[in-house]
Amino acid sequence: MKKIKQFTKIFLVLLFLTSCRISTNNENPIINSEGKINKNNSLDKEKMEIKFSCGEDRISEYLDDGWIIVKEYSQEKICTWKSVPATKNCDMEKDKGCKLTKPDKIGEEKTYLLEK
């Protein structure tokens, strides 16, 4: 019983120590050689990541709202799947175990990193 109490005390102390974090303030103003203070404007910018798949591309809506594309990348993605019988004698309606699912259409997923 004594060991259980010691274990709970150690556990609580460790819990409190690991839950405390140091807060850092990255909003330090930059002072240039003329003595003028420039604030870091990059903190004021809004950032967003959006994805469009399989021929859907509504990026023009965001560009019209004033968003700027910072980075764009794409990758292949399976748009639709189809079921095919595993063998010639397979009845997919009666025997679900003989049904195979294969990719039907392969498209492209575009990811945009936007900034405003």
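1. Notes on the pattern of salt bridges
Any two side chains of opposite charge can pair if their charged atoms end up close together. A full pass over the atoms with the stated rule returns four salt bridges. Close ionic contact of Glu56 with Arg58 constitutes a salt bridge, the shortest N to O distance being 2.4 Å. Glu56 gets classed as partly exposed once you look at its relative accessible area, which sits at 39%. You can call Arg58 partly exposed: its relative accessible area is 36%. Each of Glu56, Arg58 and Glu61 takes part in one network of salt bridges that share partners.

2. Observations concerning the sheet that holds strand S3 (residues 47-53)
The strand order S3-S5-S4 describes an open sheet built from three strands, whose pairing is antiparallel. Since the sheet does not close on itself, it has two edges, and those belong to S3 and strand S4 (68-85), each with one partner. Strand-to-strand twist of the sheet, defined as the mean angle between neighbouring strand axes without regard to direction, takes the value 20 degrees.

3. Quick look at the state of the cysteines
In this structure the tally under the stated criterion is two disulfides. Across a sulfur-sulfur distance of 1.9 Å, Cys54 and Cys79 are joined as a disulfide pair. Of note, the bridge from Cys54 to Cys79 carries an S-S torsion of about -105 degrees and is left-handed in sense. Highlighted residues: Cys54 in the loop between S3 and helix H2 (59-64) and Cys79 in strand S4, separated in sequence by 25 residues. Among the residues examined, Cys79 registers a relative accessible area of 27% and is labelled partly exposed. Two residues share a disulfide in this structure: Cys90 and Cys98, whose sulfurs sit 1.6 Å from each other. The sign of the 65 degrees torsion about the S-S bond sets the Cys90-Cys98 disulfide as right-handed. Like Cys98, Cys90 is buried. For the protein chain, the bonded cysteines connect in the pattern 1-2, 3-4 when numbered consecutively along the sequence.

4. A word on the nonpolar core
Ile50, Phe52, Ile59, Trp67, Tyr112 and Leu114 form the largest nonpolar core, which has six residues in total. Mapped onto this core, the elements with two or more residues apiece are S3 and strand S5 (99-115).

5. Side note on the side chain of Ser53
Mapped onto the elements of the fold, Ser53 is located in strand S3. At a separation of 3.4 Å, a polar atom in the side chain of Ser53 contacts the side chain of Glu109. Once residues lying within four places of it in the same chain are set aside, the contact partners of Ser53 are Lys77, Glu108 and Glu109.

6. Some points on the packing of aromatic side chains
The final tally for this structure, using the stated rule, is two aromatic pairs. Relative to Tyr62, the ring of Phe52 lies with its centre 6.5 Å away and its plane at 50 degrees, an arrangement referred to as tilted. A residue pair is termed long-range when its members are at least 10 positions apart, and Phe52 in strand S3 and Tyr62 in helix H2 qualify at ten residues. These aromatic residues form a ring-pair network of at least three members: Phe52, Tyr62 and Tyr112.

Parameters and conventions
Residues numbered from 1 in each chain as written. Predicted model: local features only at pLDDT ≥ 70, side-chain atom pairs only at ≥ 80, totals over all residues. Heavy atoms only, no water. Salt bridge = Lys/Arg side-chain N within 4 Å of Asp/Glu carboxyl O. Buried < 20%, exposed > 50% of the residue type's maximum accessible area, 1.4 Å probe, protein only. Pairing = 2+ DSSP bridges. Helix = DSSP H or I, 4+ residues; strand = E, 2+ residues; numbered from the N terminus. Axes fitted to C-alpha atoms, helices over the stretch in contact; angles between N-to-C directions. Disulfide = S-S within 2.5 Å. Core = buried A, V, L, I, M, F, W, Y, C linked by side-chain atoms within 4.5 Å. Polar contact = N/O pair within 3.5 Å; in protein donor to acceptor, adjacent residues only side chain to side chain. Contact = heavy atoms within 4.5 Å. Phe/Tyr/Trp six-rings, centres within 6.5 Å; stacked < 30°, edge-to-face > 60°.

Geometric descriptors of this kind do not, in isolation, establish any biological role.
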